[in-house]
Amino acid sequence: RKEVEQDPGPFNVPEGATVAFNCTYSNSASQSFFWYRQDCRKEPKLLMSVYSSGNEDGRFTAQLNRASQYISLLIRDSKLSDSATYLCVAKDLDSNYQLIWGAGTKLIIKP
Amino acid sequence: NAGVTQTPKFQVLKTGQSMTLQCAQDMNHNSMYWYRQDPGMGLRLIYYSASEGTTDKGEVPNGYNVSRLNKREFSLRLESAAPSQTSVYFCASSSTPGQLAGVPYEQYFGPGTRLTVT
């Protein structure tokens, strides 16, 4: 089974700190990658796509390392509202509809 | 604009009972999906509908059936519920994934249905 692996955490981080977590994917043919955010007992929502050159959206930076088959998410100046579970998602070349979802990394920001 | 709506929000079934989970979207999306989410596991695709009139199996279709009633609605049916089907079920929708580079459009999720089978 094609897999996306994430450290489940939780990562307990003080407010204002920088936190980073990775996910690894097993299928070298995976083509596109995304980070979704899921609040407790809520639905997932797209946080950002991950581009080969890396991309930044405010305090969030995503990087892709194809050689080592991992994706990273960096959160700077963390806020209490960043507390959530972050889901790593991969899409393979052979399907436009079937995404491979990681189980998520739980992040807790403490005041 | 409600986005993706699901009913019911919670359900408890006895083994062997049947039920239908309802999903509707008002974003004029072509593609719709049913997932289940279990503790410690990623979302797993049960069925999807690329466009109105078509449905296809995902990773874990056994024990489920779907109907794409029209462009807006996509239902999931459990004919004979089993305890292994205890899960949180999410419906999602998206625009038709782009062909160039195969980049899928963002998937929008409903609030989920928490199903317990005893």
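Cut-offs applied
Throughout this description, residue numbers start from 1 for each chain and increase along the sequence as written. Note on labels: chains are lettered from A, ligands numbered from 1, in written order. With pLDDT at 70 or above as the cut-off, local features in this predicted model cover only qualifying residues; side-chain atom pairs require 80 or more to be listed or tallied, and sums for whole chains, interfaces and linings still use all residues. Here the side-chain values reflect all heavy atoms present in the structure, with hydrogen atoms and water set aside. Secondary structure follows DSSP: runs of H or I at least 4 residues long count as helices, runs of E at least 2 residues long count as strands, and numbering of each begins at the N terminus. Radius of gyration means the value over C-alpha atoms here, while the globule rule gives 2.2 Å times the residue count to the 0.38 power. Exposed residues in this analysis have more than 50% of their type's maximum accessible area, buried residues have under 20%, and partly exposed residues fall in between, with area computed by a 1.4 Å probe over protein chains only. Between two residues, a contact is recorded if the distance between any of their heavy atoms is within 4.5 Å. Accessible surface area values rest on a Shrake-Rupley calculation with a 1.4 Å probe, where residue burial reflects the displayed protein chains alone. Counted as positive: Lys and Arg. Counted as negative: Asp and Glu, with His and the chain ends omitted from the count. Taken as the charge location is NZ of Lys, CZ of Arg, CG of Asp or CD of Glu. Pairing between two strands requires that DSSP report at least two bridges joining them. Structural elements are reduced to axes, namely lines fitted to C-alpha atoms, with helices fitted over the stretch in contact, and the angle between N-to-C directions of any two is expressed from 0 to 180 degrees. Once two parts are brought into contact, the accessible area they lose, counted with a 1.4 Å probe and summed over both, makes up the buried area. For salt bridges, the criterion is a side-chain nitrogen of Lys or Arg within 4 Å of an Asp or Glu carboxyl oxygen. Polar contacts, as used here, are pairs of N or O atoms within 3.5 Å; protein pairs need one atom able to donate a hydrogen and one able to accept it. Residues neighboring in sequence count only if both atoms are side-chain atoms. Polar here means any residue outside two lists: the nonpolar Ala, Val, Leu, Ile, Met, Phe, Trp, Tyr, Cys and Pro, and the charged Asp, Glu, Lys and Arg; Gly therefore counts as polar. Buriedness of a pocket was judged along seven lines, with at least five required to meet protein on both sides within 12 Å; pockets are open sets of points on a 1 Å grid over the protein atoms alone, cavities are sets where a 1.4 Å probe fits but cannot get out, and lining residues have an atom within 4 Å of a point. Grid points are joined across faces, edges and corners, and a volume is the space filled by probe spheres set on the points. Along the chain, pLDDT gives the predictor's confidence residue by residue, from 0 to 100.

Asker: So what's going on with the overall build of chain B? Which residues, and what values?
Answerer: Tallying secondary structure elements over chain B gives zero helices and eleven strands in all. From first element to last, N terminus to C terminus, chain B shows the α and β order β-β-β-β-β-β-β-β-β-β-β. Computed over its C-alpha atoms, the radius of gyration of chain B comes to 14 Å, within 12% of the 13 Å expected for a compact globule of 118 residues. On the principal axes, the C-alpha backbone points of chain B span a range of 45 × 25 × 25 Å. Within the span of chain B, comprising 118 residues, buried residues form 49% of the whole. For chain B, long-range pairs separated by at least 24 residues make up 57% of all intrachain contacts whose partners lie at least 6 apart in sequence. Here chain B displays about 5,400 Å² of accessible surface, and carbon together with sulfur accounts for 50% of that area. The average position of the 10 basic charges and that of the 8 acidic charges among the side chains of chain B differ by 6 Å.

Asker: Outline the overall build of chain A, supporting the account with residue identities and numerical values.
Answerer: Helix and strand counts for chain A come out as zero helices and eleven strands. Taken from N to C terminus, the helices and strands of chain A fall in the order β-β-β-β-β-β-β-β-β-β-β. For chain A, the C-alpha radius of gyration of 14 Å lies close to 13 Å, the compact-globule estimate for 111 residues. Taking all 111 residues of chain A together, the buried fraction comes to 47%. Element-wise, carbon and sulfur atoms account for 49% of the exposed surface of chain A, whose accessible area totals about 5,400 Å². In chain A, 13 positive and 12 negative side-chain charges are present, and the distance between their average locations comes to 4 Å.

Asker: Kindly report on the sheet that holds strand E8 (residues 74-78) of chain B, identifying the contributing residues and their values.
Answerer: Residues and elements named next belong to chain B. Strand order in the open sheet formed by four strands is E1-E3-E8-E7, with antiparallel pairing between adjacent strands. If you trace the sheet from one side to the other, it starts and ends with strand E1 (4-7) and strand E7 (64-68), each paired once. Each neighbouring strand pair of the sheet contributes to a mean axis angle of 15 degrees, computed without reference to strand direction.

Asker: Requested: an account of the interface of chain A and chain B, with residues and values cited.
Answerer: Each side of the interface is counted separately: chain A has 19 residues, and chain B has 31 residues. When the buried surface of chain A facing chain B is broken down by residue, Asn96, Tyr97 and Trp101 of chain A rank first, second and third, together holding 33% of it. Summed over the shared surface of chain A and chain B, the result is zero salt bridges. The interface formed by chain A and chain B contains two residue pairs in polar contact (both at pLDDT 80 or more). Of all the elements in the fold, those that place two or more residues in the side of chain A that touches chain B are strand E4 (30-38), strand E5 (44-50) and strand E10 (99-101) of chain A. Among the elements that make up the side of chain A that touches chain B, the one with the highest residue count is E4 of chain A (five residues). Looking at the side of chain A that touches chain B residue by residue, the classes come out as eight nonpolar, six polar and five charged.

Asker: I'd like a rundown of the layout of surface pockets, residues and numbers included.
Answerer: Residues and elements named next belong to chain A. What the largest pocket holds in volume is close to 790 Å³. Considering every element that reaches the lining of the largest pocket, the biggest residue donor is strand E11 (residues 105-110), with four residues. Here the lining of the largest pocket is composed, by residue class, of 14 nonpolar, twelve polar and ten charged.

Asker: Explain the pattern of salt bridges residue by residue, including any values.
Answerer: Residue and element names in this part refer to chain B. For the structure on display, the rule yields seven salt bridges over all chains. A salt bridge links Arg36 to Asp38, with the shortest nitrogen-to-oxygen separation between them at 2.9 Å. For Glu79, the salt bridge is made with Arg77, and the minimal N-O distance between the two is 3.1 Å. If you follow the salt bridges from partner to partner, you end up with Arg36, Asp38 and Arg44 in one network.

Asker: Please set out the confidence of the model for chain A residue by residue, giving values where relevant.
Answerer: In this model, chain A carries an average pLDDT of 92, and 98% of its residues clear a pLDDT of 70 or more. Mean pLDDT values over the elements of chain A span from 90, in E4 of chain A, up to 98, in E11 of chain A.

Asker: Talk me through the pairing of strand E9 (residues 87-94) of chain B; I want residue IDs and the actual numbers.
Answerer: Residues and elements named next belong to chain B. The buried fraction of E9 is high, at eight of eight residues. Residue alternation in E9 divides its side chains into two sets, Ser87, Tyr89, Cys91 and Ser93 and Val88, Phe90, Ala92 and Ser94, and both sets are buried. Across seven bridges, the pairing between strand E4 (residues 31-37) and E9 is antiparallel. Across the sheet, Ser31 pairs through a bridge with Ser94, a residue of E9. One ladder, built from two bridges, connects E9 with strand E10 (residues 108-109); its direction is antiparallel. Each bridged residue has a counterpart across the sheet, and for Ser93 the counterpart in E10 is Tyr108.

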